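Coordinates in review
The primary structure of each chain is shown beneath.
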Amino acid sequence: MSNSSLQLGYVIGKFVGIFVVPTIAPSHRFPLLLSLPVISTTVWLLLALLHDTGPSTVFLCFFVSAMPLSMAWSLLYRYLEGRNHSDVLGAILSASIIIGSAIAKTIGGSLVSAGLSIYWMPFVASLIYLIPFLGFAFLVQATPEPSATERRKMNSRYPLSQSEKFEFFRRHWIGLVSMTLGYMLLTSARDYRDTFTVDIFEELSGEEEESVSDLVFLLDVPVGIFVCGVLVMLTFIEDNAKNVLCEHGIMFGGYFLLIFFQLLFSANIVGNSAWYMGIGVGTYLAYTPVAAMFYDRIGGALPAAELVGTATFMIQLSDFSGYIGTVLLYSFQGFGLLTFGVDEDSDGFYLDYYRLFSLFVIVVGCFGMGMTAISFTYWRRTLLVAKVM
């Protein structure tokens, strides 16, 4: 129940963020950024104090806590976009996507192992995160606005009205929809991998949960470092149009790696750890650019006269679409249409955790490569025309 309410909260928060984050005035950005984790931490305290009142309270606390956090990523990236080194900054920030989940699970597991109640654990863990978050938030706020040189190179960024956002989407819907559809399925696969990693490893190797959690942390760290290193290399491609096309190549390669490592593992050529790391590298090579620098570079590659607004509009819209896919997956499970890893006697279609994930990976890889190819074709033609103009 807690995972479903979290996902639903993220979806609602992402939807609200589509209209809030890209249009927020610079003077209101920092107060909102500070308030988001504070609101969630307050809700976690209410969970600890009121969980005995019934399951509806628990559901509501998980739901409400997820909503503000769902806007934090794109709001934070709003400070980084439109700069000469936004690729580096985005890559470093993106490492938190990859490694952050493993760190969170390690901290949460350690607190529970130390005797803390599972209802108090989210609040105490959020306090641990809140202090460094606030410190870094003040550092980000102190960052100067993009210089005149950066604005000439990456185009000026400013909030768009709702009608201007819809007009931007209408003009470039082929490239935007194709990329978002691939990202939608990929987000579902990423979330499934993140949520059921322990269950998958237990099915494959029979190891205890605690040892699996420690192993996953050790495997995710090099994945994050490698993906971050690849994305940092994009900063050496200064031409925005070429950078966008190269990012397509990286994402296409990520989708290919999903299929490649899954086939190797199915043929018993690689072991559990190599398979898990390979799937992780492929997932985040395809996932991370869309969540960060891809739309930032598109904003710089389009003509200066075009209303490009902020990259956070498409980042927030892509994230919303991605979590829609995740909610649909868990809805199939909730309504009994698809049962995984729980009850083999279910009336629905049953698959264990690994088998469902292995099929999902192949589908996501094939579909993602196709959508990336369509997006590449559209943006190559569009950006070449922009260069001529």
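So, a few notes on the structure that sits alongside this text. (Residues numbered from 1 in each chain as written. Predicted model: local features only at pLDDT ≥ 70, side-chain atom pairs only at ≥ 80, totals over all residues. Heavy atoms only, no water.)

**Regarding the packing of helix α2 (residues 26-50) against helix α3 (residues 55-77)**
In contact at an axis separation of 9 Å, α2 and α3 are set at 160° when each is read in the N-to-C sense. Considered as vectors, α2 and α3 are oriented roughly antiparallel to each other. Crossing hand, α2 versus α3: left-handed. Mapping the contact onto sequence places Arg-29, Leu-32, Leu-33, Leu-36, Pro-37, Ile-39, Ser-40, Val-43, Trp-44, Leu-46, Leu-47 and Leu-50 in α2 and Thr-57, Val-58, Cys-61, Phe-62, Val-64, Ser-65, Pro-68, Leu-69, Met-71, Ala-72, Leu-75 and Leu-76 in α3. Within the contact of α2 with α3, the residues separate by chemical class into 20 nonpolar, 3 polar and 1 charged. (Axes fitted to C-alpha atoms, helices over the stretch in contact; angles between N-to-C directions. Helix = DSSP H or I, 4+ residues; strand = E, 2+ residues; numbered from the N terminus. Parallel < 35°, antiparallel > 145°, perpendicular 65-115°, else oblique. Left-handed = near helix turned anticlockwise from the far one by under 90°. Contact = heavy atoms within 4.5 Å. Nonpolar A, V, L, I, M, F, W, Y, C, P; charged D, E, K, R; others polar.)

**Regarding the layout of surface pockets**
Considered as a void within the structure, the second largest pocket measures approximately 200 Å³ in volume. Along the wall of the second largest pocket there are 15 residues; nearest its centre are Arg-29, Arg-78, Glu-145, Pro-146 and Arg-157. Of the residues assigned to the lining of the second largest pocket, the class counts are 5 nonpolar, 3 polar and 7 charged. (1 Å grid on protein atoms, 1.4 Å probe; cavity = no way out; pocket = protein on both sides within 12 Å on 5 of 7 lines; lining within 4 Å. Points joined across faces, edges and corners; volume = space filled by probe spheres on them.)

**Let's talk about the environment of Val-227**
Take Val-227: it is sitting in helix α10 (residues 209-232). Val-227 sits in the buried class, given a relative accessible area of 1%. With 133 residues separating them in the primary sequence, Val-227 and Ser-94 have C-alpha atoms 9.0 Å apart. Look past the residues within four positions of Val-227 in its chain and what remains in contact with it is Ile-98, Val-281, Tyr-284, Leu-285 and Thr-288. (Buried < 20%, exposed > 50% of the residue type's maximum accessible area, 1.4 Å probe, protein only.)

**Here we look at the side chain of Gln-316**
Residue placement: Gln-316 occurs in helix α14 (residues 312-334). On the basis of relative accessibility, which here comes to 0%, the residue Gln-316 falls in the buried class. A distance of 3.3 Å separates a polar side-chain atom of Gln-316 from the backbone oxygen of Lys-14. The contacts of Gln-316, once residues within four sequence positions are left out, are Gly-13, Lys-14, Gly-17, Ile-18, Val-21, Ser-70, Met-71 and Ser-74. (Polar contact = N/O pair within 3.5 Å; in protein donor to acceptor, adjacent residues only side chain to side chain.)

**Regarding empty space enclosed by the protein**
Counting across every chain of the model gives 3 cavities of 30 Å³ or more. There is about 50 Å³ of room inside the second largest cavity. Arg-193, Thr-197, Ile-200, Phe-201, Trp-275, Tyr-276, Ile-279 and Phe-357 together form the lining of the second largest cavity. Only α9 (197-205) and α12 (272-291) provide two or more residues apiece to the lining of the second largest cavity. Class assignment for the residues of the lining of the second largest cavity results in 6 nonpolar, 1 polar and 1 charged.

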